[in-house]
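Spelled out, the chains give:
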Amino acid sequence: MTDKVEKPKLTRMEFLSLTMGRLAVSALGAVGMLGWLRRRKKNTVWQIDPMTCVSCGQCATHCVVSPSAVKCVQSYPICGYCRLCFGYFTPNAPELTSAAENQLCPTGAIERLFVEDPYWEYNIIEDACVGCAKCVEACEVFGNASFYLQVRHDVCVNCNDCSIARHCPSDSFSQVPADEPYILKHDQELLA
Amino acid sequence: MSNNPTIISRVIAGGVVFLACCFGLFRWWQSRPQVDLGLRLTDMVAETRAGTLGGGPVSTEVVDIEGTFVEFESAPMGESSPWPQFRGLNHDSISVGDVPLAEAWPEGGPPVLWGHDLGEGHAGAAIFKGRVFVMDYDEELGGDALRCFDLFDGREYWRRSYVAPTKRNHGVSRTVPAVSEKYTVAIGPRCFVMCVDTETGAYRWGIDMVKEYGTEVPLWYTGQCPVIKDGVAILAPVGAETLMMGVDCETGEVLWRTPNPGGWLMAHSSITPMKLLGINQYVYAAVGGILGVSAEPESVGELLWSSTVWTNSVTSPSPVAIEDDRIFVTAGYGGGSMMLGLKQEGDGIVISPLFELSKKVFGCEQQTPLYFKDHLYAILPKDASALRGQFVCLKTDGTINWTSGKDQRFGLGPFLVADDKILLLDDDGELTMMRASTEGYEQLARHAPLAGHDAWAPMAISDGLLVLRDSHHMICLDLRVGASNSGTKEQ
């Protein structure tokens, strides 16, 4: 046989103050959570989805920043390091050298370095890149598609209504969380 | 004094235009380019290091092409319809066998008779007398390996390999051997040529085309597949002095050479024997131009005609003979296509373009188009705009007959004809069978027997047994009527 332990009974006043206190704490928590969520939603930046971008070239002409905040980036794990890079050379280039007449990039924004036979490395000089996507298109069509466009946030002024996004024909622009500001193609391919 | 309002308005308008021009000129003068532009010259340091400007370090590499030989099993040659070289018996990717193929495939796809892992690459198989020959790359050894398998059960009979380390550059292996009754000739990715006895694999001779003929190995390695004609190996080193040559398979002696006065370079395409204007000839599309060399016994090796109207920095498809007097050439990477016409004029042959097609109408990046029932067939490259990736049937006047449609797009993979059906392999190893018809695209069956990627190697078929591969794996499918799944023999 066990003895029953009687719980102390609450007075009405005690019950009311306890309930009110708990409600106040819950409300405070909810307000804090809402604020955090709202703040999180507000801290977004514009970015291009490289998997849907069609390299139309409008990023170069519709950005309010000049030259455009959109730059070509190179995915080294995807690049084939070819001697004949279709993103670097014009079609049927007279010679496979870095002379201007052979280069596809209008501003010479791609650096070509010899690694070892038969590999060459291609790096984007971002200060010179205007985001015209000529190299991106050629690399996509003929190569491994390691060149792609991204909004560079050290240049982008993060307009509320992005001018490029309004003109993007493939709806590749979206606002992404500021703490994950880039959509890296290599990660996308691994996910796929 | 008259106050003419017309003159006043003209003066005002002229002044406004003048001021606008001055303002525009001023703004132009004031403007600066968006980015700092400078001279862009050849990076001589990098090019010299790479040895691409000539005069670079001469390779001291000595490759023992005879290499090592391993015999796994011994058995007499069997019987099967021949697919003895690149694009089959008649260099047209059309099977000469008369075994009917099933119109549809069972659930789970056609039976896989056997499979083998291979070194990374795109080297296709040749089939001769019940045996499958592949010029593989042995990644463990670091060299090329000519391998001989049984067509029906996949047993490996022998393997001859030599050490020639080759770095992967969109894969390594590339070529299909040429097999005849007595000899098999294979070209490695870095232009080492090997001739062996077809049945036993016994070494006959080898040629280092880079060292002996000054061949410049094409970008991403050579795709040239050799030809054997009457016991003579036909090769195109496209070196400093020799563009094409015939080598006696028995002795390795060079029987004839065609000079290379234009300094042309080796392309990825292969020599194609043709009979044009009643003359047997070897046609080859190099980097620099296209030429025809006599294959007639009394004048073999003599240059019949050449032209620079067709040249691209990268040409993978081989020329295709159209009837007796035309050649169809095509290329990817923006090259488009061209129909060339040949005419006898006096003692010589004159070649000239009949029409050109833009890359948006017809082209093919890696495979040679099919010519079947007076029509050309190919998968259009990615830069073909609306037709990108579509399988297209072209009339020989350059007009499109039909396309597979926007819902049926393919990659860079191979295709061939057997039993009035076209078999087409997609990049990711998905095989499609369609009716070989000039009426339109009619798909019969589809299945993905390979799981890998870059399934670009030419396929080979013999008596309903299809040998195909992706970048790392080769299998044999049984496409015959009544074939049933009784288990795969993976080795």
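In this text, all values refer to a predicted model and were calculated from it rather than measured experimentally.

**Description of the overall build of chain B**
So, point 1. Regarding its fold elements, chain B presents three helices and 34 strands.
So, point 2. The C-alpha extent of chain B, read off along each of the three principal axes, is 120 × 55 × 55 Å.
So, point 3. Within chain B, the proportion of its 491 residues that are buried is 49%.
So, point 4. Here the contacts in chain B between residues at least 6 apart in sequence split such that 54% fall between residues at least 24 apart.

**Some details on the sheet that holds strand S18 (residues 303-307) of chain B**
Residues and elements named next belong to chain B.
So, point 1. Strand order in the open sheet formed by four strands is S15-S16-S17-S18, with antiparallel pairing between adjacent strands. Every other strand in the sheet has two partners, leaving strand S15 (272-276) and S18 as the edge strands with one partner each. Taken pair by pair, the neighbouring strands of this sheet meet at an average axis angle of 25 degrees, ignoring direction.
So, point 2. Sheet topology note: the strand S16 (residues 279-286)/strand S17 (residues 289-294) ladder contains six bridges and is antiparallel. Residue pairing in the sheet places Gln281 in a bridge with Ser294 of S17.

**So, the interface of chain A and chain B**
So, point 1. Taken together, the contact pairs 28 residues of chain A with 22 residues of chain B.
So, point 2. Every element with two or more residues in the side of chain A that touches chain B is listed here: strand S3 (110-116) and helix H3 (134-142) of chain A.
So, point 3. No other element matches the three residues that S3 of chain A contributes to the side of chain A that touches chain B.
So, point 4. Class assignment of the residues belonging to the side of chain A that touches chain B gives a composition of 16 nonpolar, eight polar and four charged.

**Here we look at the confidence of the model for chain B**
So, point 1. In the predicted model, chain B carries a mean pLDDT of 93, and the fraction of residues at 70 or more is 96%.
So, point 2. Prediction confidence for the complex, expressed as pTM and ipTM, is 0.86 and 0.81 respectively.

**Describing helix H1 (residues 5-30) of chain B**
Since the α-helix turns once every 3.6 residues, residues separated by three or four places project in the same direction.
So, point 1. In this model, H1 of chain B (26 residues) spans 37 Å end to end at C-alpha, consistent with the 38 Å of a helix rising 1.5 Å per residue.
So, point 2. Counting buried positions along H1 of chain B gives zero out of 26 residues, so the element sits mostly on the surface.

**Some remarks on H3 of chain A**
All names here are of chain A.
So, point 1. Counting buried residues along H3, nine of its nine residues qualify, which places the element largely inside the surrounding structure.
So, point 2. Among all positions of H3, only Lys134, Cys135, Val136, Glu137, Ala138, Cys139, Glu140, Val141 and Phe142 are buried.
So, point 3. Packing partners of the buried residues in H3 comprise strand S2 (70-74), S3 and strand S5 (147-151).

**What to know about the nonpolar core**
So, point 1. Ranked by size, the top nonpolar core spans 132 residues in total, and within it Ala125, Ala126, Leu423, Leu466 and Val467 of chain B carry the most contacts.
So, point 2. For Val467 of chain B, the residues in contact, after removing those within four places along its chain, are Ala125, Ile127, Val132, Met459, Ala460, Met474 and Cys476 of chain B.
So, point 3. Listed in part, the 46 residues of the second largest apolar core include Val70, Leu149 and Val151 of chain A together with Tyr333 of chain B.

**Focus: the environment of Leu423 of chain B**
Residues and elements named next belong to chain B.
So, point 1. Examined against the element boundaries, Leu423 turns out to sit in strand S28 (residues 421-425).
So, point 2. Each C-alpha atom of the pair Leu423 and Ile461 lies 9.9 Å from the other, and the pair is 38 residues apart in sequence.
So, point 3. Apart from residues lying up to four places away in sequence, Leu423 is in contact with Phe415, Leu416, Ala418, Leu431, Met433, Met459 and Leu466.

**Side note on unusual backbone geometry**
All names here are of chain A.
So, point 1. Residue Ser66 is joined to Pro67 through a cis peptide bond whose omega torsion reads -5 degrees.
So, point 2. Considering the arrangement of structural elements, one finds Pro67 in the loop between helix H2 (58-62) and S2.
So, point 3. Each neighbour pair has its own omega, and for Asp117 with Pro118 the value is 5 degrees, a cis peptide bond.
So, point 4. Inspection of the secondary structure puts Pro118 in the loop between S3 and strand S4 (119-124).

Calculation notes
As a convention, each chain's residues are numbered from 1 in the sequence order in which they are written. To label them, take the chains in the order written and letter them from A, then take the ligands in the order written and number them from 1. For this predicted model, a pLDDT threshold of at least 70 governs which residues receive local features, and a threshold of 80 or more governs which side-chain atom pairs are given and counted, while totals over whole chains, interfaces and linings are taken from all residues. Strands are runs of DSSP state E lasting at least 2 residues, helices are runs of H or I lasting at least 4, and numbering of each runs from the N terminus. Three exposure classes are used, based on other C-beta atoms lying within 10 Å of a residue's own C-beta, which is placed from the backbone: buried for 20 or more, exposed for 12 or fewer, and partly exposed in between. Any two residues are considered in contact once their C-beta atoms, placed from the backbone, lie within 7 Å. Each pair of strands is called paired provided DSSP finds at least two bridges between the two strands. Lines fitted to C-alpha atoms define the axes here, with helix axes fitted over just the stretch in contact, and angles between the N-to-C directions of these axes take values from 0 to 180 degrees. By the convention adopted, Pro, Cys, Tyr, Trp, Phe, Met, Ile, Leu, Val and Ala count as nonpolar, Lys, Arg, Asp and Glu as charged, and the other residues, Gly among them, as polar. The quantity called pLDDT is the predictor's confidence in a given residue, expressed from 0 to 100. The span one expects for a helix is its residue count, reduced by one, times 1.5 Å. Any set of buried Ala, Val, Leu, Ile, Met, Phe, Trp, Tyr and Cys residues joined through C-beta atoms within 7 Å is what this text calls a nonpolar core.

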